[in-house]
Number of protein chains: 2
Amino acid sequence: MKTATVRKETVINGVNVEELFKTIDEVKKKATIAKFRFRADNTWVSGGHNRTSIRDFYGAGGEDTSRKTPFILDADEPRVLLGTDIGPNPVEYLLTALAGCLTSSLVYHGAARGIAIEEVESHLEGDLDLRGFLGISEDVRNGYENIRVTFKIKADATAEQLRQLVQLAQKRSPVFDIVSHPVPVSVDLKNDS
Amino acid sequence: MKTATVRKETVINGVNVEELFKTIDEVKKKATIAKFRFRADNTWVSGGHNRTSIRDFYGAGGEDTSRKTPFILDADEPRVLLGTDIGPNPVEYLLTALAGCLTSSLVYHGAARGIAIEEVESHLEGDLDLRGFLGISEDVRNGYENIRVTFKIKADATAEQLRQLVQLAQKRSPVFDIVSHPVPVSVDLKNDS
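Summarised in this report is the structure supplied together with it. (Residues numbered from 1 in each chain as written. Chains lettered and ligands numbered in written order. Predicted model: local features only at pLDDT ≥ 70, side-chain atom pairs only at ≥ 80, totals over all residues. Heavy atoms only, no water.)

Section: the interface of chain B and chain A
Right, so step 1: Residue-level contacts link 125 residues of chain B with 124 residues of chain A.
Right, so step 2: Contact between chain B and chain A buries roughly 11,400 Å² in total, counting both sides, with carbon and sulfur atoms accounting for 60%.
Right, so step 3: Remark: the boundary between chain B and chain A carries 16 salt bridges.
Right, so step 4: Its salt-bridge partner being A:R172, residue B:E138 comes within 2.9 Å of it at the nearest N-O pair.
Right, so step 5: Summed over the shared surface of chain B and chain A, the result is 63 residue pairs in polar contact (both at pLDDT 80 or more).
Right, so step 6: Broken down by element, the residue count for the side of chain B that touches chain A peaks at 19 residues, all from helix α2 (residues 90-112) of chain B.
Right, so step 7: A per-class count over the side of chain B that touches chain A returns 59 nonpolar, 36 polar and 30 charged.
Right, so step 8: Bridge count for strand β3 (residues 35-46) of chain A against strand β8 (residues 117-129) of chain B is nine bridges, and the pairing is antiparallel. Pairing of A:D41 across the sheet is with B:H123, part of β8(B). (Contact = heavy atoms within 4.5 Å. Buried area = accessible area lost by both parts, 1.4 Å probe. Salt bridge = Lys/Arg side-chain N within 4 Å of Asp/Glu carboxyl O. Polar contact = N/O pair within 3.5 Å; in protein donor to acceptor, adjacent residues only side chain to side chain. Helix = DSSP H or I, 4+ residues; strand = E, 2+ residues; numbered from the N terminus. Nonpolar A, V, L, I, M, F, W, Y, C, P; charged D, E, K, R; others polar. Pairing = 2+ DSSP bridges.)

Given below as structure tokens:
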């Protein structure tokens, strides 16, 4: 999307906006390259401790095998939830996903608008009533009752521009959408294969 | 919840079921100890790279400061999504959260039912159309269109018991609930504090 404006920088906020606009143009011409499939493999270790391995994914029209080694993520429960506290617990991983996604959305879309960002910090809190998981009450949900996100941003922008950018981050973030709206999840047991 | 049955093992699947039943009894008497608040702090690094720090949480009636050091989690985007691929991306962290939570729910509730589990493996896949994030089409959602989870379980149980256990894991898992149903998320910008 070339405009009459001359861009001094092709990299803004660490995002190559020239590549970003090129990607947008390519997707507009051929929607199938926007189709991605991400994957995770998990192995239980003991009790609340399990390990996820993340590596290849499908996207941009083909299988992406560029990662030489997998990312390994240990999940566990803290002592008070009868775990050995080797890693964050799954609902803490969920906050990590949400924080990372809102931040990246903010930074990428800020870059696309030419807003130079210096610092972004966020604090997230989620309220969870364990009576759901324990099966003690059907009146409380199992997951977070609500999540609060607070951003602090330092950027070359007006307060109104920053407010709009935070709005845009929510409007575009995949994980914000996943948490805010229902996603169909199918769970199968396949012991014979 | 003592029954007439004599338990040979108080630890099943690495879960101290005596403690688990004690916790259930305590929560039944005093619901407030089931109230938890988990937290995450995120700092942007550059482009798609940001870092989440996880440590203290509130739960079981007080602030839990037992973790001596925080868990540090790097999120990034792969090269094809203009990142530097230093860590999994946020939607991969989301699959990690879901895998870990379903597995722990399965293992804990299996332990509570006296089902000895030997192995649990799961594979997760999520379909995502990038046209949502890029703002190219309002007809596709930003997040996963759907997620598929496949379990392989080795346990001292019948096929029917395992099928019920996989059902129970979905019924009780907090992250499964969060992904399957809407969670209210508030996002604020607080630059002056």
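Examining the pairing of strand β4 (residues 49-54) of chain B
Residues and elements named next belong to chain B.
Right, so step 1: Where strand β3 (residues 35-46) meets β4, five bridges bridge the pair, whose relative direction is antiparallel. Residue pairing in the sheet places S46 in a bridge with H49 of β4.
Right, so step 2: Counted along the chain from β3 to the antiparallel partner β4, the turn is two residues long, and its residue G47 has a positive phi close to 55°.
Right, so step 3: Summarising the sheet, β4 and strand β7 (residues 71-75) pair through five bridges and their orientation is antiparallel. Looking at the pairing, I54 lines up with F71 of β7.

Considering the packing of helix α1 (residues 17-29) of chain A against helix α2 (residues 90-112) of chain A
Residue and element names in this part refer to chain A.
Right, so step 1: Relative to each other, α1 and α2 sit at 90°, their axes nearing to 9 Å. When the axis of α1 is compared with that of α2, the two are roughly perpendicular. Residues V17, L20 and F21 of α1 touch α2, and the partners they reach there are Y108, A111 and A112.
Right, so step 2: Its residues assigned to classes, the contact of α1 with α2 comprises six nonpolar, no polar and no charged. (Axes fitted to C-alpha atoms, helices over the stretch in contact; angles between N-to-C directions. Parallel < 35°, antiparallel > 145°, perpendicular 65-115°, else oblique.)

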